[in-house]
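Secondary and tertiary structure notes
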Amino acid sequence: MASPPDTSKTTKLERYNSYIRRVNSTKLMAASSKLLFRATLLIALVLIFFFTLNYPPLSSSDNPPHVHTHHNFLSSAFYGSGASWEKQVRHSSTPRRPNGFSVLVTGAGGFVGTHCSLALKKRGDGVLGLDNFNDYYDPSLKRARQALLSKHEIFIVEGDLNDGPLLTKLFDIVPFTHILHLAAQAGVRYAMQNPQSYIRSNIAGFVNLLEIAKAAEPQPAIVWASSSSVYGLNTENPFSELHRTDQPASLYAATKKAGEEIAHTYNHIYGLSLTGLRFFTVYGPWGRPDMAYFFFTKDILQGKPINIYQTQEDKEVARDFTYIDDVVKGCVGALDTAEKSTGSGGKKRGPAQLRIYNLGNTSPVPVGRLVGILEGLLNVKAKKHIIKMPRNGDVPYTHANVSLAYRDFGYKPTTDLATGLRKFVKWYVSYYGIQTRVKKETVKTSDRLGESD
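Reading guide: rules and limits
Residues numbered from 1 in each chain as written. Predicted model: local features only at pLDDT ≥ 70, side-chain atom pairs only at ≥ 80, totals over all residues. Heavy atoms only, no water. Salt bridge = Lys/Arg side-chain N within 4 Å of Asp/Glu carboxyl O. Helix = DSSP H or I, 4+ residues; strand = E, 2+ residues; numbered from the N terminus. Buried < 20%, exposed > 50% of the residue type's maximum accessible area, 1.4 Å probe, protein only. Axes fitted to C-alpha atoms, helices over the stretch in contact; angles between N-to-C directions. Parallel < 35°, antiparallel > 145°, perpendicular 65-115°, else oblique. Contact = heavy atoms within 4.5 Å. Nonpolar A, V, L, I, M, F, W, Y, C, P; charged D, E, K, R; others polar. pLDDT = per-residue confidence, 0-100. Expected span 1.5 Å × (residues − 1). Arc of directions from axis to C-beta. Phe/Tyr/Trp six-rings, centres within 6.5 Å; stacked < 30°, edge-to-face > 60°. Lys NZ or Arg CZ within 6 Å of the ring centre and 35° of its normal. Pairing = 2+ DSSP bridges. Right-handed = clockwise from strand over helix to strand, strands pointing away. Core = buried A, V, L, I, M, F, W, Y, C linked by side-chain atoms within 4.5 Å.

One pass over the full model with this rule turns up 15 salt bridges. Arg97 is paired through a salt bridge with Asp125; the nearest N and O atoms lie 2.7 Å apart. Placement of the pair is Arg97 in the loop between helix 2 (83-93) and strand 1 (102-106) and Asp125 in the loop between helix 3 (111-122) and strand 2 (126-131), with a sequence separation of 28 residues. Overall, Arg97 belongs to the partly exposed group, its relative accessible area being 26%. Among the salt bridges present, the one from Lys214 reaches Glu211, with a minimum N-O distance of 3.1 Å. Highlighted residues: Lys214 and Glu211, both in helix 6 (residues 195-215), separated by 3 residues, approximately one helical turn. Where salt bridges share partners, they join Arg97, Arg123, Asp125 and Asp336 into one cluster.

What follows is the structure, given as structure tokens:
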């Protein structure tokens, strides 16, 4: 009888092959896990890097809770590494007239910044804008201004004053002769809601800009926007540059006053040429929606009631309303008469110019009179509520003495409130597409800014 076949060798071989397959499978899974882990880690690092660049920290001291600056990845210094971007920067900032200026305009997407940029470009200066396009008011209006500037070959770099690497990059590309510093967190009342935004923009941002400017070769001359708010509780009229400004009535005013003291410091230590301009209630086409003349117009057309303030003593509140074209002439005059900075290598080499001027209209008008003019232009009766002025930082009366600006660069306002508001309403109804119930003479408008060139 034959013995059964020996299957032990076959069984052992199958077991060995099975073992080899399991080992190989384990190695493959381990390798795949390592690869997946590394890929996940790489993606996480990229995302962290991206969001760090695009979004500020969550702490209130670094990122105001109410105003959001739209940090774009392309607005960082990394955006400035592209040849096309650098070409735009150079082209926009190159003057087209002999001995023309090369001006960095901060806040170029803002109200005054847009007008000043156009005026400088029109006469042949090079203009480069900088703006963070925050949402303190409707960013679409700022974007519309940006589009207008683009038509005139003015490029706005999207970035923040506190972005040191970006500012350094711009100064590496362009030897700016002047800075027109108009970027700021504006508004008196809003400071009660979001005080940190004023510190970040009006103080920290200003200091960062001055730090970059002091190290530039050559140092630029700087003209910057202060405010009539610095006069605060001053009761002497009209307001003179010689009057006291140590009693601010709002945080906004305090930050602007701090700016004036900071300017003095950088002038004294580093030889920067600095000229501060105290604006008095600027209004006109492409203006700010948070200003009374602007939201009064909106509310009157929509049939909504408007609040008109009176003082605690039942006196009318009055403002020295100043038309935008007059303010632009003052800004350009200040730039034209600004002397060169005297520092080099971050050190002062001689006495440098330090100036401060009022830019106002010299004719205070009661707010009730402003409403009456708007009623006539809009052909709509306003629903007026007369109320006491709240204690929110507003002052009851402003009146500019501009004799110093007239003496030094011929500043002379020429636009009365009725004329200026007529031009504003023309722009307003055209921009927002409003035709009904508005007087015919206010409807026709051009796509130009002020129609007063």
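Still more to cover.
With that settled, consider the packing of helix 3 against helix 4 (residues 139-151). It is at 10 Å that the axes of helix 3 and helix 4 come closest, and there the two elements cross at 5°. Put simply, helix 3 runs roughly parallel to helix 4. Taken together, the residues of helix 4 that come into contact with helix 3 (itself represented by Phe111, Thr114, Ser117 and Leu118) are Arg145, Leu148 and Leu149. Grouping the constituent residues of the contact of helix 3 with helix 4 by class yields 4 nonpolar, 2 polar and 1 charged.

Per-residue pLDDT for the protein averages 86, and the proportion of residues at 70 or more is 78%. Confidence drops under a pLDDT of 50 for residues 69-78, and excluding neighbours within four residues, the segment shows 33 contacts in the predicted structure. Every residue in residues 441-453 scores below 50 in pLDDT, and together they form 31 contacts with partners more than four places removed in sequence or on other chains.

Take the side chain of Thr281 next. You can see Thr281 is positioned in the loop between strand 6 (274-279) and strand 7 (282-283). Not counting chain neighbours up to four residues away, the residues in contact with Thr281 comprise Met291, Arg319, Asp320, Phe321, Thr322 and Thr398.

Because an α-helix packs 3.6 residues into every turn, residues spaced three or four apart end up facing the same way. For helix 4, with 13 residues, the first-to-last C-alpha span of 19 Å sits near the 18 Å given by 1.5 Å per residue. Considered for burial, the residues of helix 4 that qualify are Leu141, Lys142, Arg145, Leu148 and Leu149. Buried positions in helix 4, seen along its axis, are confined to an arc of 115° and lie on one side of it. Considering only its buried residues, helix 4 is in contact with helix 3, strand 3 (155-158) and helix 12 (417-431). Two residues or fewer past helix 4, Glu153 is found with a positive phi of approximately 60°.

In the structure shown here, the tally under the stated rule is 30 aromatic pairs. Ring geometry for Tyr198 versus Tyr252: centroids 6.2 Å apart, planes at 75°, classification edge-to-face. Here Tyr198 is found in helix 6, whereas its partner Tyr252 is found in helix 7 (residues 251-270), with 54 residues between them in sequence. Residues Phe239 and Phe280 carry aromatic rings whose centres are separated by 6.2 Å and whose planes lie at 45° to one another, so their mutual orientation is tilted. Of the two residues, Phe239 is situated in the loop between strand 5 (221-227) and helix 7 and Phe280 in the loop between strand 6 and strand 7; the sequence distance between them amounts to 41 residues. In this pair, the class of Phe239 matches that of Phe280, namely buried. Following the ring pairs from residue to residue traces out a cluster consisting of Tyr283, Trp286, Tyr293, Phe294, Phe321, Tyr323, Phe424, Trp427, Tyr428, Tyr431 and Tyr432. Its end group placed over the ring of Tyr137, Lys142 keeps NZ or CZ at 4.6 Å from the ring centre. The ring of Phe133 carries Arg143 above its face, with NZ or CZ at 3.8 Å from the centroid.

Bringing the sheet that holds strand 5 into the picture now. Backbone-to-backbone hydrogen bonds join strands into a sheet, with any given pair of strands oriented parallel or antiparallel. In space, the 7 strands of this open sheet follow the order 3-2-1-4-5-6-13, with parallel pairing throughout. Looking at the sheet topology across the chains shown, the edges are occupied by strand 3 and strand 13 (354-359). Looking at each pair of strands side by side, their axes are set apart by 20° on average, direction ignored. Bridge count between strand 5 and strand 6: 6 bridges; the pairing is parallel. Opposite Val223, over in strand 6, you have Thr275 as the bridge partner. In the packing of helix 3 onto the sheet, contacts are made with strand 1, strand 2, strand 4 (178-181) and strand 6, and the angle to strand 1 comes to roughly 170°. Across the sheet, helix 7 touches strand 5, strand 6 and strand 13, and the angle it forms with strand 5 is around 155°.

Another aspect to go through is the pairing of strand 4. Residues His178 and Leu180 line one face of strand 4 and the alternating positions Ile179 and His181 line the opposite face, and both faces are buried. In this structure, strand 4 lies alongside strand 5, joined through 4 bridges in parallel fashion. Each bridged residue has a counterpart across the sheet, and for His178 the counterpart in strand 5 is Ala221. Crossover handedness for the path strand 4 to helix 6 to strand 5: right-handed.

If you look at the biggest cluster of nonpolar residues, it comprises 80 residues, and the most contacted ones within it are Val112, Leu180, Phe279, Tyr293, Leu370 and Leu421. With residues up to four places along the chain from it excluded, the contact list for Tyr293 reads Phe111, Val282, Tyr283, Gly284, Gly287, Arg288, Leu370, Leu374, Leu421 and Phe424.

Attention shifts here to the environment of Gly350. By the element assignment, Gly350 lies in the loop between strand 12 (347-348) and strand 13. A residue is classified by how much of its surface remains accessible, and Gly350, at 18% relative accessible area, is buried. A C-alpha to C-alpha distance of 9.6 Å links Gly350 and His268, two positions 82 residues apart in sequence.

What follows deals with the environment of Arg319. By the element assignment, Arg319 lies in strand 9 (residues 318-319). Take Arg319: its relative accessible area is 14%, and that puts it in the buried class. Distance from Arg319 to Pro364, taken between C-alpha atoms, is 5.0 Å for residues 45 residues apart in sequence. With near-sequence residues (within four places) excluded, Arg319 lies in contact with Thr281, Ser363, Pro364, Val365, Met389, Asp394, Val395, Pro396, Tyr397 and Thr398.

On to the environment of Gly100. Looking at where Gly100 falls in the secondary structure, it is placed in the loop between helix 2 and strand 1. Note: C-alpha distance between Gly100 and Asp125 (25 residues apart in sequence) is 5.0 Å. Aside from chain neighbours lying at most four places away, what touches Gly100 is Pro95 and Asp125.

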